[in-house]
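If you want the building blocks of each chain, they are given just below.
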Amino acid sequence: MNELWESTLNDLRTQLSAESFETWLGAVAYDGLVNDGINATHVRLKVPNRFYSEWISSHYLDLIVTSLRAHSQQPELSVRFELDEKLVTSTETKSPTPTPPRPSQRPRPEAPRLTTGLNPKYRFDNFIVGPSNQLAHAASVAAASAPGQRYNPLFLYGGVGLGKTHLVNAVGHRVCADKPDARILYVSAERFTNEFIWALQNHQINEFRDRYRNHCDILLMDDIQFLAGREQTQEEFFHTFNALYHSDRQIVVSSDVYPQQIREMEDRLVSRFQWGMVADIQAPELDTRVAIVKKKAEQEGIPLSDEVAFFLAQMVKSNVRELEGTLLRLAVKAELMKRPIDLEFAKDALRASMPRAETLKTVEDVQRAVCEYFNIRMGDLKSHRRHRSVAHPRMVAMYLCRQRLGTSYTELGDRFGGKDHTTVMSAVRKIGGLIDKEDQDVRGTVEAIERKLGM
Ligand code: ADP
Ligand code: MG
């Protein structure tokens, strides 16, 4: 990025709220210093559409110009906006220049004008599917392949950093690849709100409505919970929804909670959200986290052994964003210290931020906790007795060791009194199967033991 513009952005970052900064300045691209001959110089800034130029001009222009003049030492410097519908949203413009992907990984070319707002990084082909997000993924693929038909609206919900924005964008990319003429609009509920307010204040409401209701085939609305308590925007969205829905346009909405749990959301909107498909995304299981961290490392060109991938996935459970962040910090640290990312290095690096890295649980810890939970003796756990009262705890213990500690089947066989590795495998599969089938008993047991272990 240009130095002058970078310094200006740094000033503005300190002057605006993080949200405003992201929403408005995140969408601006510096496009050069232009001298028009009559010794007047201006900075050309590209924005996605007129809403941005108008809003930024009326709210932040003074700040921008003052800062530009100070940094360039050109007291006459001014700013001109140019519309550029190719621009993507903040996440893309602010991230450091990524290394160019190898040709085979390069996403399919998109019709730029039509993908306003989509983040090119979030596609189906780099989304890892596991039990925690299988339903949401399948519903998103289905909605993207037959937009406006069976899965309309599609409502995706799940906690932060679990892949909602990724899936919502992936729908947009897929539709765009299949139907290059489709008009796709990706917008966060916050941006929708801001544009709506701006349009009201500036007598542009007809243009606003026209854009969302008549020039949109696919509406991707991220983080709808932002509309909580914003009655007027909800009303507007309600009518937008109806217009699109009744002309069979696809609507995809994401939220951090289930429709009914969005605070202060009008009932009629909540009920519309449930007309189509509601799919949740849960925190990913260990195997999925391992696959995600490997995928991310591959994308970023970070050399990562299976062992370290497993360790990271084991340590960071709460959400995927955090997992990615941990991996990237580790890679930077390794580069600075000129160290390979081996297990020892990873443990050291994480110890600082995560005290639990020091107290990694062992097979023995798990066995002891399982014995206490079921009130049986260690000898029974390791015995060959097949009575359910000991066979079930044994299977649970094997499952936990495999899933949570990643111990190999062979080693577990040894540690459980000399059993064949296939015995361990079938135990792990059996318990895993019950959990996948939402067996509340087994799931509750496993969770209770994990809590006991502080895992
Ligand atoms: P949310 O919108 O639910 O808060 P995001 O979609 O922004 O979460 O996801 C956070 C990060 O995690 C993104 O970088 C995203 O690419 C990544 N991510 C989440 N789930 C997956 C997954 N299943 N496979 C690959 N990357 C994922
Ligand atoms: Mg999101």
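Residues numbered from 1 in each chain as written. Chains lettered and ligands numbered in written order. Predicted model: local features only at pLDDT ≥ 70, side-chain atom pairs only at ≥ 80, totals over all residues. Heavy atoms only, no water.

Asks: Which parts of the structure should I look at to understand the side chain of Arg-394?
Replies: Looking at where Arg-394 falls in the secondary structure, it is placed in helix H17 (residues 388–405). Although Arg-394 is buried, it forms no salt bridge, and the closest oppositely charged side chain is Asp-380 at an N-O distance of 7.0 Å. For Arg-394, the side chain forms a polar contact with the main-chain oxygen of Ser-383, separated by 3.1 Å. Looking at Arg-394, its side chain comes within polar contact range of the main-chain oxygen of Arg-385, at 2.9 Å. In contact with Arg-394, other than residues within four places in its own chain, are Asp-380, Leu-381, Ser-383, His-384, Arg-385, Phe-416 and Lys-419. (Helix = DSSP H or I, 4+ residues; strand = E, 2+ residues; numbered from the N terminus. Buried < 20%, exposed > 50% of the residue type's maximum accessible area, 1.4 Å probe, protein only. Lys, Arg positive; Asp, Glu negative; His and termini not counted. Salt bridge = Lys/Arg side-chain N within 4 Å of Asp/Glu carboxyl O. Polar contact = N/O pair within 3.5 Å; in protein donor to acceptor, adjacent residues only side chain to side chain. Contact = heavy atoms within 4.5 Å.)

Asks: How should I be thinking about the nonpolar core in this particular structure?
Replies: Nonpolar side chains tend toward joint burial in soluble globular proteins. Ranked by size, the top nonpolar core spans 51 residues in total, and within it Ile-64, Ile-224 and Phe-237 carry the most contacts. Here this core gets 7 residues from one element, more than from any other, and that element is helix H3 (residues 50–72). Residues Val-366, Val-396, Val-446 and Ile-449 belong to the second largest nonpolar core, which totals 26 residues. (Core = buried A, V, L, I, M, F, W, Y, C linked by side-chain atoms within 4.5 Å.)

Asks: I keep staring at the pattern of salt bridges and nothing clicks. Help me out?
Replies: As a working rule, side chains carrying opposite charge can pair if their charged atoms are close by. Applying the stated rule across the entire model yields 20 salt bridges. In this structure, the salt-bridge partner of Glu-411 is Arg-415, at a minimum N-O distance of 2.9 Å. One end of the pair, Glu-411, and the other, Arg-415, are both in helix H18 (residues 409–415), 4 residues apart, so they sit about a helical turn from each other. A relative accessible area of 32% means that Arg-415 is categorised as partly exposed. Through salt bridges with shared partners, a single ionic network connects Asp-31, Arg-44 and Lys-46.

Read these as spatial facts, not as claims about activity.
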